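A look at the structure
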Amino acid sequence: YRFTVNSIFVAFTGLHVSLKMMMISRNKKMVAVSCTQNITFDQRVQQSGKSTNAYVLIWSFADMIKPYLILQSPYEVKQFQFNAANPNLIAGGCITGQVVVWDVTEAKEQLRKASRKRASKDGGDEDEDQGKTVPPVRPKFISSIEDSHKRPVGDLAWLPLGMEVSPRGHID
């Protein structure tokens, strides 16, 4: 059970943002959203080659006020996919053609520890922990620009275990 919604345009104080959403198949209580700038081709050409921070936000329906996790990328993420065998691994395809991979294992563990700590407090100062969140998760791997696609990544898929693709594109 997974759905993707492409090209939703949201106006928020005059800023237009294109969203890519994906329901996380193993956890139906979460949704992931990638935000990209809705700018013209000329504006995009002026920005090309410049690294900026872009984000994939993972939201829990239990707390819609702040994201559960924030994945940071040096470029806008056009596509992303959770690994079916290990949902802590997330691959993202950037507008530059590069592929990034995040491992959210440590960030999830930090959230679990913070949750246990809050639960064990005896009516202490809960407001102190309320504002604390896990910092953005940086990519574990980023493909080099020389070995990446020449255009934005249009789709992304994890290969089944045991399947390999050679550098020439042959399936082994």
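For the structure, check the block above.
Below you will find a few notes about this structure. (Residues numbered from 1 in each chain as written. Predicted model: local features only at pLDDT ≥ 70, side-chain atom pairs only at ≥ 80, totals over all residues. Heavy atoms only, no water.)

1. Regarding the overall build of the chain
For the chain, the helix and strand inventory stands at three helices and nine strands. Start at the N end of the chain and walk to the C end: the helices and strands fall as β-β-β-α-β-β-β-β-β-α-α-β. Scored against the burial criterion, the 172 residues of the chain give a buried share of 32%. Here the contacts in the chain between residues at least 6 apart in sequence split such that 49% fall between residues at least 24 apart. Surface accessibility of the chain: about 11,600 Å² in total, with carbon and sulfur atoms responsible for 55%. (Helix = DSSP H or I, 4+ residues; strand = E, 2+ residues; numbered from the N terminus. Buried < 20%, exposed > 50% of the residue type's maximum accessible area, 1.4 Å probe, protein only. Contact = heavy atoms within 4.5 Å. Areas by Shrake-Rupley, 256 points an atom, 1.4 Å probe, with all protein chains shown as cover.)

2. With respect to the pairing of strand S5 (residues 69-73)
Here S5 lies mainly inside the structure; four of its five residues are buried. Relative to S5, strand S4 (residues 54-60) is paired through five bridges, and the arrangement is antiparallel. Each bridged residue has a counterpart across the sheet, and for Leu57 the counterpart in S5 is Ile70. (Pairing = 2+ DSSP bridges.)

3. Re the environment of Asp147
With respect to the element layout, Asp147 can be found in the segment after strand S9 (141-142). For Asp147, a relative accessible area of 67% translates into the label exposed. In this structure the C-alpha to C-alpha distance between Asp147 and Val99, which are 48 residues apart in sequence, comes to 10.0 Å. Within the structure, Asp147 has its side chain in polar contact with the side chain of Ser144 (distance 3.1 Å). (Polar contact = N/O pair within 3.5 Å; in protein donor to acceptor, adjacent residues only side chain to side chain.)

4. Some details on the sheet that holds strand S7 (residues 89-94)
The strand order across the open sheet built from four strands is S6-S7-S8-S9, with neighbouring strands paired in antiparallel fashion. Each of the sheet's edge strands pairs with one partner strand only, and the pair in question is strand S6 (77-82) and S9. Relative to strand S8 (residues 99-103), S7 runs antiparallel, the two sharing five bridges. Across the sheet, Leu89 pairs through a bridge with Asp103, a residue of S8.

5. Quick look at the pairing of strand S3 (residues 30-37)
Among the eight residues of S3, six are classified as buried, and the element is accordingly described as predominantly covered. The sheet contact formed by S3 and S4 spans five bridges and is antiparallel. Bridge pairing in S4 places Ser34 opposite Val56.

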